[in-house]
Amino acid sequence: MAWKSDPILVKPGLRLTSEEKADILSRMPPPSSTDGHIYVDGVFEGGGVRGIAFLGALRCCDDLGFRWRKLAGTSAGAITAALVAANFQIDELERIVGGLNYMEFLTQKTSWLIWNGNPADDLRSPVRLIFNLLISRRLGEYNSDPFRDWLQDNLQQRGLKIFADIRNSPFGADLKVIVSDISSGEMLVLPDDLEIEAIEGLGKPKLIEQLGLHNRDEFSIAEAVRLSMSIPFFFEPGKLGSRRIVDGGILSNFPLWVYDIPTQAERSSTVRRCPRWPTFGLRLTEEGFQKQAKITGPFDMLGAMFKTMMVARDRHHLNQSNQGRVINIDVTEAKVTATEFDISDSKKDTLYRLGYQQAKEFFRTWNWNKHLELRGFDPADLIP
């Protein structure tokens, strides 16, 4: 039987009451003067199958009547961002993501020489994982083609294939996906960075030219998300022209900053524009994540260095620019690893409930005017 959220949502005290909705909406930005909707932007953190918690948070947002415009994410967060940008309604999202058998993504091992047990344990045993790859002479245990094909099939239900399809869609969304380029040692924001030169100063063609594209928006959405969720060693690295690409989480697992960067027009303007609606960051946390790492040997040091690469930039940005817009979803109770692709329905239930509960708690105290003041804006400057 397919997983459903109905049994969770009917539990007493979980879902927003009409009084709670009215109170929350009274502290939100005014509805759009053109269509009466409250719009929000969203940035989703990576976290593997634990991203199911985002479904609960999105259900809470849907209960409040929010409409999504600009979306961004890394890894599992990029999957959520792409499907939301495609304007799938919450019931459809729950069917597509919540009802998915994630083991279907692990049907293509890169070599018959790779022998492993439960995929949930792979990243906990990096030595064994790397030993398998050395024996098989591969760069990842699994091929990510099944995932790309699954996402592509779902996006085509909305008539979407490339980034231009999202930009030109009637619901006016935007999408950015974070990937890590390990060939050139840099982070890329797709599709924007496809127009940078392959190697600065050496006269190499831009990435769009290497890929045979006329412009960046011709790039495949499903391919961008596949590149972003290519967990190192677990999935084989992707390719972008001559570059090798892995999970964007190595360099920015929570790209809250991505829509803070001013456009060219905004940089040249002397007027500081007040945002018309908020950007919410949806982040997955775990108890003990903030604890100081205990380093007693070389493998502890390797693990600590790898973790630092993944979180240092994002933590620095959060310390500087959180501005009360981050919905932290603590998933400790679910006891789910990022690669637990054989996740049970009971764990999905827990993740979903935690997502709804903690989004609800966030919105019960959030205030749009206070948020603008934290960002240095005067709410009176907001243009209706």
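What you are looking at is a predicted structure, and each value in this text was computed from that prediction instead of being measured. Within any chain, residue numbers begin from 1 and follow the written order of that chain's sequence. Residue-level local features of this predicted model are given only where pLDDT is at least 70; pairs of side-chain atoms are given and counted only at 80 or more, and the full residue set underlies all totals for whole chains, interfaces and linings. To obtain the side-chain values, all non-hydrogen atoms of the structure were included, while hydrogens and water were left out.

### What to know about the overall build of the protein chain
So the rule is basically this: Every helix listed is a DSSP run of H or I at least four residues long, and every strand listed is a run of E at least two residues long, numbered separately from the N terminus. The buried label applies to any residue whose accessible area, calculated with a 1.4 Å probe on protein chains only, is under 20% of its type's maximum; exposed applies above 50%, and partly exposed to all values in between. Here the accessible surface of atoms and residues is derived via Shrake-Rupley with a 1.4 Å probe, and residues count as covered only by protein chains that are part of the display.
Within the protein chain, the regular secondary structure consists of 15 helices and 10 strands. The buried share of the protein chain, taken over its 384 residues, is 51%. Accessible surface, the protein chain: about 18500 Å² in total, of which carbon and sulfur atoms supply 52%.

### What about the confidence of the model for the protein chain?
Cut-off, in case you're wondering: Every residue carries a pLDDT, the predictor's confidence in it, which falls somewhere between 0 and 100. Contacts are assigned to residue pairs that have any heavy atoms within 4.5 Å of one another.
Confidence in the prediction for the protein chain averages 81 pLDDT; 75% of positions are at 70 or higher. Counted against residues more than four places away or in other chains, residues 310–320, with its pLDDT under 50, gives 24 contacts.

### Section: helix α5 (residues 90–98)
Listing the buried residues of α5 in full gives Ile90, Leu93, Glu94, Ile96, Val97 and Gly98. Those residues of α5 that are buried are in contact with α3 (53–63), α4 (76–85), α7 (145–156) and α14 (345–365).

### A closer look at the packing of aromatic side chains
This is how the line gets drawn: Aromatic pairs are defined between Phe, Tyr and Trp rings, using the six-membered ring for Trp, whenever the two ring centres lie within 6.5 Å; interplanar angles under 30 degrees are classed as stacked, those over 60 as edge-to-face, and all others as tilted. When the NZ atom of lysine or the CZ atom of arginine is within 6 Å of a ring's centre and also within 35 degrees of its normal, the charge is said to sit over that ring.
Throughout the structure, instances matching the rule amount to 13 aromatic pairs. With centroids separated by 5.4 Å and ring planes inclined at 65 degrees, the aromatic side chains of Trp3 and Tyr352 adopt a geometry described as edge-to-face. Taken together, the positions of Trp3 in the segment before α1 (6–9) and Tyr352 in helix α14 put the pair 349 residues apart, joining distant regions of the chain. Of the two residues, Trp3 and Tyr352, neither departs from the other in class, the shared state being buried. Ring geometry for Tyr39 versus Trp277: centroids 5.4 Å apart, planes at 45 degrees, classification tilted. Here the residue Tyr39 occupies a position in strand β1 (residues 38–44), and Trp277 occupies one in the loop between α12 (264–268) and β9 (279–285), the gap between them amounting to 238 residues. The structure contains a cluster of three or more aromatic residues connected by ring pairs, namely Phe66, Phe280, Phe362, Phe363, Trp366 and Trp368. Over the ring of Tyr39 we find Arg69, and its NZ or CZ is 4.8 Å from the ring centre.

### Some points on the state of the cysteines
What counts, and what does not: To count as a disulfide, a pair of cysteine sulfur atoms needs to be within 2.5 Å.
Within the structure shown, the criterion is met by 0 disulfides. Of the cysteine sulfurs around Cys60, a residue in no disulfide, the closest is that of Cys61, at 5.8 Å. The exposure class of Cys60 is buried, given its relative accessible area of 0%. By relative accessible area, Cys61 is classed as buried at 1%.

### Comments concerning the side chain of Thr279
Where we set the bar: Pairs of N or O atoms are called polar contacts if they sit within 3.5 Å, as long as, within protein, a hydrogen donor faces a hydrogen acceptor (for residues adjacent in sequence, only side-chain-to-side-chain pairs).
Summarising the element assignment, Thr279 is placed in strand β9. Only 3.5 Å separates the side chain of Thr279 from the side chain of Asp41, close enough to count as a polar contact. Those residues in contact with Thr279, other than ones at most four positions away along the chain, are Asp41, Val43 and Arg325.

### Focus: unusual backbone geometry
In this structure, Pro191 follows Leu190 across a cis peptide bond, with omega equal to 5 degrees. Following the sequence through the fold, Pro191 ends up in the loop between β5 (186–190) and α9 (207–210). One non-glycine residue with positive phi stands out, namely Ser75, at about 55 degrees. You can see Ser75 is positioned in the loop between β2 (66–74) and α4. In the Ramachandran plot, Asn87 falls in the positive-phi region, its phi being about 65 degrees despite a non-glycine side chain.

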